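Survey of secondary and tertiary structure
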Amino acid sequence: MPGYRAIKTTVDGLHLCASFTVISVSALSFHLTSLLELSVWMHSGCGLFRWTLSLGQVGKPLRYQEVTEAEREALHLIHLPATSNVAENSPPETAVHKFAVNLSASLSPVIPGFPLIINSSPLTEAFKVNGLSDTDFEVVTTGKEQLDFETGPNIFDLQIYVKDEVGVTDLQVFTVQVTDVNEPPYFLGNLAKGKICWGLQGSPHGLELYIAEGANPGFIYQAEAFDPEDTSRNIPLSYFLISPSKNFRMSANGTLFSTTEFDFEAGNNSHYLIVEVRDSRGLKVSTALQVNILNINEIPRFTSPKRVYRILEELSPGTIVANITAEDPDDEGSTSCLLYSITTVNNYFMINQLTGTIQVVNRLDRDARELRQNPTISLEVLVKDRPQGGQENRIQITFIVEDINDNPATCTKFTFSIMVPERAAKGTQLLDLNKSCLDNDSEAPNNRFNFTTPSGVESSSRFLQDPAGSGKIVLIGDLDYENPSNLASGNKYSIIIQVQDVAPPYYKNNIYVYTLTSPESEFPLIFDRSSYVFNVSEVRSARAWIGQVRATDKDFPQSSIVYSICSGGASLQHPNKFWINPKTGELQLVTKADYETTPTYILRIQATNSEDTSSVTVTVDILEENDEKPICTPNFSFLAIPVDLKVGTNIQNFKLTCTDLDSSPRSFRYSIGPGNINSHFTFSPNAGSNVSHLLLASRFDYTGGLDKIWDYKLLVYITDDNLLSGRKKAEALVETGTVTMNIKVIPHPTTIIRTTPRPRITYLIQRENVYSPSAWYVPFVITLGSMLLLSLLLSLIILLAKAIHRHCPCKTRKDKKPLVKKGEMKMVKRATVVETIQMNTVFDGEAIDPVTGEIYEFNSKTGARKWKDPLTQMPKWEEFSPQGTATHRVAAGERTGLLRTTNKEGDGLSGKGQAEDADLGSRNEDGKTGTPKNRNPTPTSMASPKLHPGK
C-alpha cells in the first residue's frame, strides 16, 4: 500500500519485523549505531524492490536493488499492509478486510491456524482471522468487545503473522479504523430490561405499573434514557406520551404523573401508554407502559362524636367512662365485626375489644404523680376490620380528671420551737405557718385552708395572729429577759393553733408553737482602765508576775472571758516575750528581759467572750539593772619578757580596753587573781578607767631562788563596782569579767659569742596560693574522691567486722554443773539487761499556753520548751472505780496524757545499780557471764516516774 512498507531485519539468523511510514523512497536514509544488516522489501507498481543497509557504514544513504525472480517466489502476504474501516457497534463476524498468502516456490502449505493476529496496538480481542480457502483469508469482528467510537479507541494496528510447514514466515501490519455511526437513544432500567420494580411486573408488551385506588394524584414513574452520541450528557433528551390521556401527564424530563384520583369501583381499571424519547438529531425510540388500578380494603369510620370526657378522681376500678363506636364501609348492609384497642401506653384505662367501652382499671389520684402536673390523659383508639392484615383507623380521645377534696391540710411538722431575741420590736413576725403547711389537693377551693386564733397560758398578751386566719404570728408584748414577770415564766411560752380546710368536709389539725426568749448583749465588754502601765526589772526571771488586766460585761447571764495578746512583746531572739493567763488576765514573763536591747514593750491585750471583744494597750517598762559583765579586749594574750626587764616597764606595750553596756568607763576595777606569784605584775591604773596597761611590779630573782617558774598564767578580774560605796556594794548587783594572759620569762643565754657579721644578701621568696574561680572542679573532685575513699574504707571495715564475728565467735568455758536439768531446758526464760541513761535539760521556767491552756516548761537561756509533766497538771484525783480503773477530772484548758519519767542527777547511780543487779542474774555459778540462751528477755527493772526537780 502507498505510504507503508515492511522491513525485514536479519541478526544472526533471527528475523525481526517492524513497520514505519516512508516519506520519500529515493531520499530516505537511516542513522543507526549497531552493526546489523537491514533489508527493506517494498512492493510498488513498478515491481518488488529490496533496500539493503550494512550498519557498519553508518551515515551513508541506503542502496536498493530489484528483487530477483527467486526472491519474488518466497512466502509472503498479499494485500498487506493495508488499512480498512469498520462501523462502530458492528455485530460479530462482520467482514473488515480480505487478503491472500503467496506460497513459496516449494508450494509448502500454510500451517493450520495461520495466519493469525499475534499482537495489536492497542491490545484488543475484537478481531480475528477467518480462512476462506487455503490461500484466501478474511479479518472479521469477534463480538467479544464492543467497538464504540465515542468511548473506545478508534484505530487498531494488527500484526498478522503467517508460517508454512517448512518454516518460512512473513509478518505484515493491518490497520483498522472505527467509524462513527449516529445511534438512537435507548431506555435504561426497567424500561430496557423489563424487570419487576416494587410491585411492578414486566411483560413482553412493556412495563406494567400498579396504582392503588384512592391514591392522591402525583408522581408515578421516572423514565430514563441514554444517548450514546452524547457521552457527557450535556444535550437533554425529550420525552412524550404518544397516546395522550386525561388521567396521565409526562414532563419533558420523563416524569410520569397521575392527574386524577382513581376509583376501582368506577371502572376503567387499566390504562395503556406509549412513551417516546428523542435525541437532538431526531432519532427516537418508544416503549409501552400499562398502568393498572388496584382494589383495596377501605378504612373503617368512627361514628361516636364525643372526643373529650370529664371524670372525677378516685373512681372505682371497673367504672365505664366512655363508649367508642365505628362502622366498616365494606360491610354496608351487613353486620360488621370490628376490633377495638388502645395503642397508647397507660395505667388507668382499658377498652373492650368487641364493644369499644372504656373502663377504669387503676386508681385515679388527681393529687399525685403525673396527674397532679397534668390532669389530661390522651388515648389513641385503634379499630380494625380483621385481626391480621386488615384496614384500620385511629382517633384521639381525651380524659380530664377533676379534683375532689380528699386530703386535709398538712404541715412539715406540727411542733415548732422558735428563739426570739429579748429586744425584738413589737409587731415583729415570728412565724409564718403558711410556709410550712399545705393541702395536697391540686385545685381550689379544695387546696385552701386557714388558721384559728392562737391560745395558750400567758401567751395571749404577747403573741397574736395578724391578720386573722393568715397563720402569721407576730409579737405584741414585752420579752425583756430581765423582766420579773418574764423570769417567772422562765422566758418560755406555749401557743396552740389549728389549721382547717375551707371546703367540706373541713379537715383540721392542731399545731403547737414553743417560744424561747434569747438574751442579747446590751452592754459592751470593757476593761476597768483605759490603759495599763507595768514595770519589771530586767533581772527578773521567767514566769515573773508583771501585772493583771481585768474586763467586765454587765449582761446577764455572764459568760467567761478569755484574754490574749494580739500584738507586741516580740524580739529578734524570742517571738513571745510575755504570756498572759487566758482566764485571769495575769501578765507574766516568758523569758528574762534586757533593758539594753528593748527598754519598753507596748502590748495590745484582747478580751473576748461569747458576745463581744475588747482590747486595751499595756505598756511594760523594763527597769535597768547592772546585769552585764565587763567585756575586755584582748580577752586572751601571750606575752614574752626578758628576765632582766626593768620594774615599771609596760610589758610589750600591752593595753587592756574594757566596755560595759550598763556601767560607765570609770566604774572598772582591775585585779589579778591566781597565777601572779610574788606579785611581779600589776595594772596601771588599777581602777577608774576603761583602759589599763600591764606593768612589771618587781624584778625576777631566779638566782636567789625566790622565783622558780618561767611561765605565768594570769587570770585578770575586771569588776564594775569602783563607783559604789561599801554599803551599796553589799546591796547592788556587781558583775565581773575575766581575761586570761600567758607570760613567758626568757632567761639569759649561757654563752655569748661575739662575732662580726659579714654582710650578705638574703633572698626572700614569698608564695601566695590564690584560688582561681575557673579551677572550681579541683576542690570538687578532691572532695568527691575523698568521700568515695572514705565510704569504701568504712564498707571494708564493716565487712571485716562481720567476717570476724562470723568466723571467730567468743568461746566460753563449759560449766561443770548445768543451771537446770535437761528436762527443764524448755521452761527456762531468757533475761535481758537494759541500762537506760537519760540526760535531762534544765528547764527553769513555766508558762501556760494561751491557745490550749496547758502548762509548759522552758529554758530561759536556750529557749527550749516542753510540756509539763501531766502528773503535776492533775489537781484532783477521784477514787478508783469498782472496775479497777482510775478516773480523774481535769480542769478546763489543761492537757492530759501519758505519764513521763524524768530522773534527777542522782538517779544515774540507782539506774546503774539496777543494771548491775540485773547483770548478776545472767552470771553462772563460776562467776562467768552466761550465754544468750540463758538470759530472760523481760526487763528486770523499770524506772518509776518522778516529778520535775524543784516542783
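Here, the structure is the one placed above.
Our subject in this report is the structure included herewith.

Criteria and cut-off values
Residues numbered from 1 in each chain as written. Predicted model: local features only at pLDDT ≥ 70, side-chain atom pairs only at ≥ 80, totals over all residues. Heavy atoms only, no water. 1 Å grid on protein atoms, 1.4 Å probe; cavity = no way out; pocket = protein on both sides within 12 Å on 5 of 7 lines; lining within 4 Å. Points joined across faces, edges and corners; volume = space filled by probe spheres on them. Nonpolar A, V, L, I, M, F, W, Y, C, P; charged D, E, K, R; others polar. Patch = residues over 30% accessible without salt bridge, like charges linked within 9 Å, V, L, I, M, F, W, Y side chains within 5 Å. Areas by Shrake-Rupley, 256 points an atom, 1.4 Å probe, with all protein chains shown as cover. Salt bridge = Lys/Arg side-chain N within 4 Å of Asp/Glu carboxyl O. Helix = DSSP H or I, 4+ residues; strand = E, 2+ residues; numbered from the N terminus. Phe/Tyr/Trp six-rings, centres within 6.5 Å; stacked < 30°, edge-to-face > 60°. Buried < 20%, exposed > 50% of the residue type's maximum accessible area, 1.4 Å probe, protein only. Pairing = 2+ DSSP bridges.

Bringing empty space enclosed by the protein into the picture now. Scanning the model with the defined rule gives one cavity of 30 Å³ or more in all. One number sums up the size of the largest cavity: a volume of about 30 Å³. Taken together, Pro519, Glu520, Asp555, Phe556, Pro557 and Glu611 make up the full set of residues lining the largest cavity. The class makeup of the residues in the lining of the largest cavity is three nonpolar, no polar and three charged.

A contiguous nonpolar patch, built from Trp776, Tyr777, Val778, Phe780, Val781, Ile782, Leu784 and Leu788 and spanning about 830 Å² of accessible area, is present on the exposed surface. Mapping Val781 onto the fold places it in helix 6 (residues 777-807).

Another point: the packing of aromatic side chains. In this structure the tally under the stated criterion is 22 aromatic pairs. Considering the side-chain rings of Phe114 and Tyr161, the 5.9 Å spacing of their centres and the 70 degrees angle between planes classify their relative orientation as edge-to-face. Of this pair, Phe114 sits in the loop between strand 8 (95-102) and strand 9 (116-121) while Tyr161 sits in strand 12 (residues 155-163), and the two are 47 residues apart along the sequence. For the pair Trp776 and Tyr777, a centre-to-centre distance of 6.2 Å together with 85 degrees between the ring planes defines the contact as edge-to-face. A relative accessible area of 44% means that Tyr777 is categorised as partly exposed. Pairwise contacts between aromatic rings join Phe681, Phe700, Tyr702, Trp710 and Tyr712 into one cluster.

Applying the stated criterion across every chain yields a total of 16 salt bridges. What you see here is one network of salt bridges that share partners, running through Glu276, Arg278 and Lys284.

Turning to the pairing of strand 30 (residues 357-360), a few remarks are in order. When strand 26 (residues 320-323) meets strand 30, the two strands line up antiparallel, connected through three bridges. Along strand 30, the bridge assignment pairs Ile320 with Gln359. Of the pairings in the sheet, the one linking strand 29 (residues 349-351) to strand 30 comprises three bridges and is antiparallel in character. In the sheet register, Met350 faces strand 30, and the bridge partner there is Gln359.

Once that is clear, we can look at the pairing of strand 7 (residues 82-87). Regular strands place side chains that alternate from one sheet face to the opposite one. Across the two faces of strand 7 the burial differs, with Ala82, Ser84 and Val86 buried and Thr83, Asn85 and Ala87 not buried at all. Sheet topology note: the strand 7/strand 13 (residues 169-179) ladder contains six bridges and is parallel. If you follow Asn85 over to strand 13, its bridge partner there is Gln177.

This next bit is on unusual backbone geometry. That bond from Ala444 to Pro445 is cis: its omega, 0 degrees, falls within 30 degrees of zero. With respect to the secondary-structure elements, Pro445 resides in the loop between strand 36 (437-439) and strand 37 (449-451). A positive phi angle, close to 55 degrees, is found at Arg369, a residue other than glycine. Looking at the element boundaries, Arg369 is found in helix 3 (residues 369-373). You can call Arg369 exposed: its relative accessible area is 63%. Positioned with a positive phi, Asn678 is a non-glycine residue whose angle comes to about 65 degrees.

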